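Chain by chain, the residues:
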Amino acid sequence: MSFSIQVNDQPFDADPRPGQCLRTYLRERGWFGVKKGCDAGDCGACTVQVDGEPVHSCLYPAVRADGRSVTTVEGLAKDGELHPMQRRFLDAQGFQCGFCTAGFLMTSSALTEHQLDDLPRSLKGNLCRCTGYRAIEDAIRGVTHTELPCAGQAVGRNLGAPAGPQVVTGTARYTFDLEVEGLLHLKLLRSAHPHARIVSIDTSAALRVPGVHAVLTHHDAPERLYSSARHEHPTEDPDDTRVLDDVVRFAGQRVAAVVADSEGAAEEGCRRIVVEYEQLPYVIDPELAMAAGAPVLHPKGPESRIARAEANVCGEVHGEIGSVEQGFAAADLVYEESFRTQRVQHASLETHGCVVYFEEDEQGAERIVVRSSTQVPFLTRRALCDLYDLPQEYVRVVAGRVGGGFGGKQEMLTEDIAVLAALKLHRPVKLEFTRAEQFHGATTRHPFTIAFKAGATRDGVLTALQLRVVANTGAYGNHGPAVMFHSVGESMAVYRAPHKKVDAYSVYTNCVPAGAFRGYGLGQVTFAVESAMDEMARRLGIDPLVFRERNIIGPGEPMLSPGGEEEDLHIASYGLDQCLGVVRAAIAEDRSAATAPEGWLVGHGAALSMIATGPPGGHFADATVKLLEDGGYDIAVGTAEFGNGTTTVHKQITAGALGTTVDRIAIRQSDTDVVRHDTGAFGSAGTVVAGKAVMKAANALAERILSFAAEHARTPRALCRLLAEAVECEGRPVSLKELFEAAREQGVALSADGHWGGSPRSVAFNAQWFSLAVDPDSGEIRILRSVHAADAGKVMNPMQCRGQVEGGVAQALGATLFEQVLVDEAGQVTTAAFRRYRLPAYADVPRTEVHFMETSDAIGPLGAKSMSESPFNPVAPAFANALRDATGVRFTEVPLLRDRVWQRLAERRARP
């Protein structure tokens, strides 16, 4: 019996493969709007409609679609007109990275009126990691937030993302949304042991699997050690990693790679590899890892940059300002407590992966192209060239639209092994992580243990602050020392105290490696510091806001941390007092307690945070802006777009400088062919570093065009004015097209370059406030109200920046309430699926009231500061402080699981 299916009104009769799901059947036929997010029906990114009903196509057998009509996001638009729901998502900016958007569109466009009245239930099958869901709800409800562009007045307006039309129609191209002829598939065999030496590997049976082309082991890999972490200065991270190693140090480490015609053949090849291991002693707890007699995970190499390999200390920092002993002696209250934070997964819906293929450059020379889901294309190219001794001109790294990052893609986790396979076979190769591999083969947030001790006088003045921090960096030190150093920086510097001391350790264990994660260590230590500040205020009988106001640094004060002073860090604008003012106003006007169920405990709490607007040590960006033949403009900039909104901001900056509208500006980005260098889209640098480079280039081009126009029209430069489509020269318009032609005839390039090195840096401030209700009989917590104050300097795009704040709060709420990557006694991850690792869904996230402060930064472009990371940091302590206010119990460990809350409340009731 023949198979027949209609996809977006097009007939197909190709039979699906045995067991093939509808998602892969559709993607193989070019319908790339259907995304792969989990392969388990948990995230909804693959949602399509079958005969008008939404289904998760990763669970839907393709054979069941026989005789049915399937609609993907590409088929929603009819006769060149967007579907009403697509138009709503555009008008409300109901997306950020956009990887989940097709799934939300396919679900929401099929909802009945009854289902629209119960969105928490109706959207339970679709997850978003970026937006915080408010923008998605607004889109479904038909709320408009976007504004029309206005020539020369782009900054400060709610302009939609340039790629919005492509996102809502499913035509935006993410990493794997392309067809490559002759593509081979790579799969990884991973270790089941936490620590072992590979004695032998028998690959013969794997090589006999039909379709298998090669099996790569440590014998095929370079001996060179490197770090998977990507920084401008590679010396920030220890060199402790091999592409394939003969020693495995965590359960999940890659042991071998199989390259085959299909993923199925590659997976079967992995199953047939026979590995003989010599199992070695392992250690999971970082305190035990530092103790005498613990197994040593990494030998100390001459240039490894491991702080103390013999004690498994990857990196450490020790410092003291003044004498904390004197400070404690002078205190009326000395408070000590230990706080713990857990592993958290980035859970970006697009998994790690890359496609490697070969092309000819403009001169006809062959080179290798790496299309990767990365935040750092330039740093990845540099690392690949160093690893394989390749000239830079031979390697091109391209990031398409990236489906979420949050720091997790500031790593080289797939490109190194895929390039090794491509070089060996001289064939295109694809490696795409499964969702399970994201949990046990990628990286997590660092788990921290923080011992806090502080002293204060009875009138609420801090006399001493002391921290002992132990960060579990896992089996490898990627980002370990830098995260540890950053964690004890701004978290302590935001408070003035004459005496401060820090002892911090980043420790190797036989666990899945940790890495860069939103906040970069600050969120963990801020949880401890802000919880402690709240507790000290309560014990002193002082309002927690008043206690903070007496001790926070002010404008012009030095930011002192015992970890070392960062000389290029300045308070170039100050909005922390305004942030606390927003919290005070929320408390004064709050009536949310009246909505709590009868018998529930009600409380409120706040926390603050400070973060540097960019990483230390330099973060470089180059940009070029040029006039085009049609009178429009082109921006070339290296930074990647993954929902951070830098594309929109860069066009807004350029439109303002050139007196034009954003729709007349094209942008090329995240491609090592585009510009000279860009450190990458991390450390909140997209606006304040790459944006500043774009601003410099745009301003320089405006001056160049005006000068050329004055000469061309024989008009004094002072009488020339740049308009959207022309230069007005003494009242007479000269079109930009005419100027372009005149410049071309004279051999003049109407283009300009901009560069920014990321230094000096400013600081941004945030404050979060919650009102909560707690059921003492079950431990259930309801958020009655959520308020966030953000000091982002001059806000370039309020709609977009609000989305960054809401997404940060939502992600932080997940980490506060239930997200945790669990490992067993052997370090094996036991939460390697979304249904076991709970992500915040629509029903879990409240609408957060976002307030922006009235500041303008002296360093950032046009007064702007960064905001992508910082909203995350004060959420957990604010929540814990509200819980303390409601229950009288100080919770010192996250996540604040319902059973954990219930147990603590039951214990409190049982005490006499």
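Fair warning: this is a prediction, and the values are worked out from it, not measured in the lab.

Caption draft 1: Seen up close, the overall build of the protein. Looking only at helices and strands, the protein has 25 helices and 31 strands in total. For 912 residues, the compact-globule estimate of 2.2 N^0.38 gives 29 Å, and the protein sits close to it at 28 Å. If one aligns the C-alpha atoms of the protein with their principal axes, the spans along those axes are about 80 × 80 × 65 Å. Out of the 912 residues in the protein, the part that is buried amounts to 65%. Taking the intrachain contacts of the protein between residues at least 6 apart in sequence as the baseline, contacts between residues at least 24 apart amount to 78%. Roughly 32,200 Å² of accessible area belongs to the protein as shown, and the carbon and sulfur atoms make up 49% of that amount. The average position of the 91 basic charges and that of the 114 acidic charges among the side chains of the protein differ by 3 Å.

Caption draft 2: Main features of the packing of aromatic side chains. For the structure on display, the rule yields 11 aromatic pairs. Plain terms: the ring middles of F439 and F834 are 6.3 Å apart, the flat faces sit at 80 degrees to each other, and that makes the pair edge-to-face. Residue F439 is located in helix 14 (residues 435-440), and its partner F834 is located in the loop between helix 23 (798-817) and strand 31 (848-852); the two are separated by 395 residues in the primary sequence. Side by side, F439 and F834 carry an identical accessibility label, which is buried. Through successive ring pairs, a cluster of aromatic residues spans F104, Y133 and Y842. For the cation-ring pair, R29 lies above Y25, with the distance from its terminal atom to the ring centre recorded as 3.8 Å. Sitting over the ring of W756, K692 keeps its end group 4.2 Å from the ring centre.

Caption draft 3: Structural context of the sheet that holds strand 11 (residues 274-279). If you walk across this open sheet you meet the three strands as 9-7-11, and the pairing is antiparallel. The sheet terminates laterally at strand 9 (247-248) and strand 11, the two strands that pair on one side only. Pairing of strand 7 (residues 196-202) with strand 9 involves two bridges; the strand directions are antiparallel. In the strand pairing of strand 9, A196 is matched with V248.

Caption draft 4: Expanded view of the pairing of strand 20 (residues 499-508). With respect to burial, strand 20 is a largely interior element, nine of its 10 residues being buried. In the sheet, strand 19 (residues 462-474) pairs with strand 20 via 10 bridges, with the strands oriented parallel. Residue A464 lies in a different strand from strand 20, and its bridge partner there is H499.

Caption draft 5: Looking closely at the sheet that holds strand 12 (residues 313-321). As summarised here, the arrangement of the five strands in space is 12-20-19-18-13, forming an open sheet in which the pairing is mixed. In this open sheet, the two strands that pair with only one neighbour each are strand 12 and strand 13 (333-341). Across the sheet, the mean angle separating the axes of adjacent strands is 5 degrees when strand polarity is ignored. Bridge analysis of strand 12 against strand 20 gives eight bridges, and the strand direction is antiparallel.

Caption draft 6: Expanded view of the nonpolar core. Ranked by size, the top nonpolar core spans 151 residues in total, and within it F452 and L467 carry the most contacts. Counting residues per element, this core draws most heavily on helix 17 (residues 522-540), at 10 residues. Every residue in contact with L467, bar those within four places of it in the chain, is listed here: I450, A451, F452, V488, M492, K501, V502, D503, V525 and V529.

Caption draft 7: How the structure looks around the pattern of salt bridges. The final tally for this structure, using the stated rule, is 63 salt bridges. The salt bridge partner of D844 is R838, with a shortest N-O separation of 2.6 Å. Residues joined by salt bridges that share partners form a network here, namely D534, E535, R538, R539, R884, D885 and R890.

Caption draft 8: A look at helix 13 (residues 415-425). Burial of helix 13 is extensive: eight of the 11 residues sit out of reach of the surface. Within the sequence span of helix 13, burial applies to E415, D416, I417, A418, V419, L420, A421 and A422.

Caption draft 9: Spatial organisation of the environment of G170. In this fold, G170 is placed in the loop between helix 7 (164-169) and strand 6 (184-190). Linking G170 and G98, residues 72 residues apart in sequence, is a C-alpha distance of 9.3 Å. Sequence-distant contacts of G170, defined by excluding residues within four places in its chain, comprise F32, G33, V73 and E74.

Caption draft 10: Representation of the side chain of T509. In this fold, T509 is placed in the loop between strand 20 and helix 17. If we ignore the near neighbours within four places in the chain, the residues touching T509 are R249, V283, I284, D285, P286, A289, L297, N472, G474 and A475.

Criteria and thresholds
- Residues numbered from 1 in each chain as written.
- Predicted model: local features only at pLDDT ≥ 70, side-chain atom pairs only at ≥ 80, totals over all residues.
- Heavy atoms only, no water.
- Helix = DSSP H or I, 4+ residues; strand = E, 2+ residues; numbered from the N terminus.
- Rg over C-alpha atoms; globule rule 2.2 N^0.38 Å.
- Buried < 20%, exposed > 50% of the residue type's maximum accessible area, 1.4 Å probe, protein only.
- Contact = heavy atoms within 4.5 Å.
- Areas by Shrake-Rupley, 256 points an atom, 1.4 Å probe, with all protein chains shown as cover.
- Lys, Arg positive; Asp, Glu negative; His and termini not counted.
- Charge placed at Lys NZ, Arg CZ, Asp CG, Glu CD.
- Phe/Tyr/Trp six-rings, centres within 6.5 Å; stacked < 30°, edge-to-face > 60°.
- Lys NZ or Arg CZ within 6 Å of the ring centre and 35° of its normal.
- Pairing = 2+ DSSP bridges.
- Axes fitted to C-alpha atoms, helices over the stretch in contact; angles between N-to-C directions.
- Core = buried A, V, L, I, M, F, W, Y, C linked by side-chain atoms within 4.5 Å.
- Salt bridge = Lys/Arg side-chain N within 4 Å of Asp/Glu carboxyl O.

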